[in-house]
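Fold and geometry: a report
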Amino acid sequence: MKRYRIGFDFGGLLLFFAIMLPNFIWFAIPAPNDVLRRESVTTPLDAVASVCQMLMAAALIAVVNPSGKRLRLTALAGGAAVCGALYYCGWILYYLGKTAPPVILLLTVPPCLAFLLYAADRRNLPAIIPGAVFTCCHLAYAAINFLR
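Below, the discussion takes up the overall build of the chain. Regarding its fold elements, the chain presents 5 helices and 2 strands. Of the regular secondary structure in the chain, the N- to C-terminal order runs β-α-α-β-α-α-α. Dimensions of the chain, computed from the C-alpha atoms along their principal axes, are close to 45 × 30 × 25 Å. When burial is assessed residue by residue, the chain has 44% of its 148 residues classed as buried. Residue pairs at least 24 apart in sequence account for 84% of intrachain contacts in the chain once pairs closer than 6 positions are excluded. Taking the average place of the 12 positive charges on the side chains of the chain and the average place of its 5 negative ones, the gap between the two points comes to 13 Å.

What follows is the structure, given as structure tokens:
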């Protein structure tokens, strides 16, 4: 942890808010054919995912690698942006009533990859570790609850 310090990463905050915004809308405005509101059968896995998501978000926002360069458009940061755009496309399709496996995967994989790519770009290992666990849990949640 010597390579890291407590600080503030505005880009991490912006990314987390951008990814969470459709979720806030979904909480307030149900979608047609809203399969995501089904009760989860992976409750213990969901708890692990929630903890890892909180740890990842905290690290993305509050842990800074001083050796990291200023935020700029790199392949990793661009990949995170593309993943964010794909995620929004997934939400648009979901609100159009589409719930096929590719749509569920658009709501699952791209946001996780956006976080991981951003953390990799910022050389933020404390965010990558819980982010990787969150990604595995989130994918398992989607596969078990919606893709079988």
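Relative to the elements of secondary structure, Thr42 occurs in the loop between helix 1 (10–28) and helix 2 (43–62). By relative accessible area, which is 7% here, Thr42 ends up buried. Looking at Thr42, its side chain comes within polar contact range of the side chain of Ser40, at 2.9 Å. Sequence-distant contacts of Thr42, defined by excluding residues within four places in its chain, comprise Tyr141, Ile144 and Asn145.

Here helix 5 (residues 125–146) contains 22 residues, and its C-alpha end-to-end distance of 31 Å stays within 8% of the 32 Å for a straight helix at 1.5 Å per residue. Buried within helix 5 we find Pro126, Ala127, Pro130, Gly131, Phe134, Thr135, Cys137, Tyr141, Ala142, Asn145 and Phe146. If you follow the buried residues of helix 5, they end up packed against helix 2, strand 2 (63–64) and helix 4 (101–121).

Turning our attention to the state of the cysteines. Throughout the structure, instances matching the rule amount to 0 disulfides. Residue Cys89 stays outside any disulfide, its sulfur separated by 12 Å from that of Cys83, the closest cysteine. Its relative accessible area of 40% is what places Cys89 among the partly exposed residues. Not part of a disulfide, Cys112 finds its nearest cysteine sulfur in Cys136, a span of 9.1 Å. Using a relative accessible area of 2% as the deciding quantity, one classes Cys112 as buried.

According to the stated counting rule, one finds 3 salt bridges in the structure shown. The salt bridge involving Asp34 is made with Arg37; its shortest N-O contact spans 2.6 Å. Judged by its relative accessible area of 16%, Asp34 falls in the buried class. For Arg37, a relative accessible area of 37% translates into the label partly exposed. One salt bridge in this structure joins Arg122 and Asp121, with 3.8 Å as the shortest N-O distance.

Our next topic: helix 4. The end-to-end C-alpha distance of helix 4 is 30 Å, a good match for the 30 Å that 21 residues give at a rise of 1.5 Å each. Just downstream of helix 4 lies Arg123, where phi reads positive at about 55 degrees.

Reading the values: rules and limits
Residues numbered from 1 in each chain as written. Predicted model: local features only at pLDDT ≥ 70, side-chain atom pairs only at ≥ 80, totals over all residues. Heavy atoms only, no water. Helix = DSSP H or I, 4+ residues; strand = E, 2+ residues; numbered from the N terminus. Buried < 20%, exposed > 50% of the residue type's maximum accessible area, 1.4 Å probe, protein only. Contact = heavy atoms within 4.5 Å. Lys, Arg positive; Asp, Glu negative; His and termini not counted. Charge placed at Lys NZ, Arg CZ, Asp CG, Glu CD. Polar contact = N/O pair within 3.5 Å; in protein donor to acceptor, adjacent residues only side chain to side chain. Expected span 1.5 Å × (residues − 1). Disulfide = S-S within 2.5 Å. Salt bridge = Lys/Arg side-chain N within 4 Å of Asp/Glu carboxyl O.

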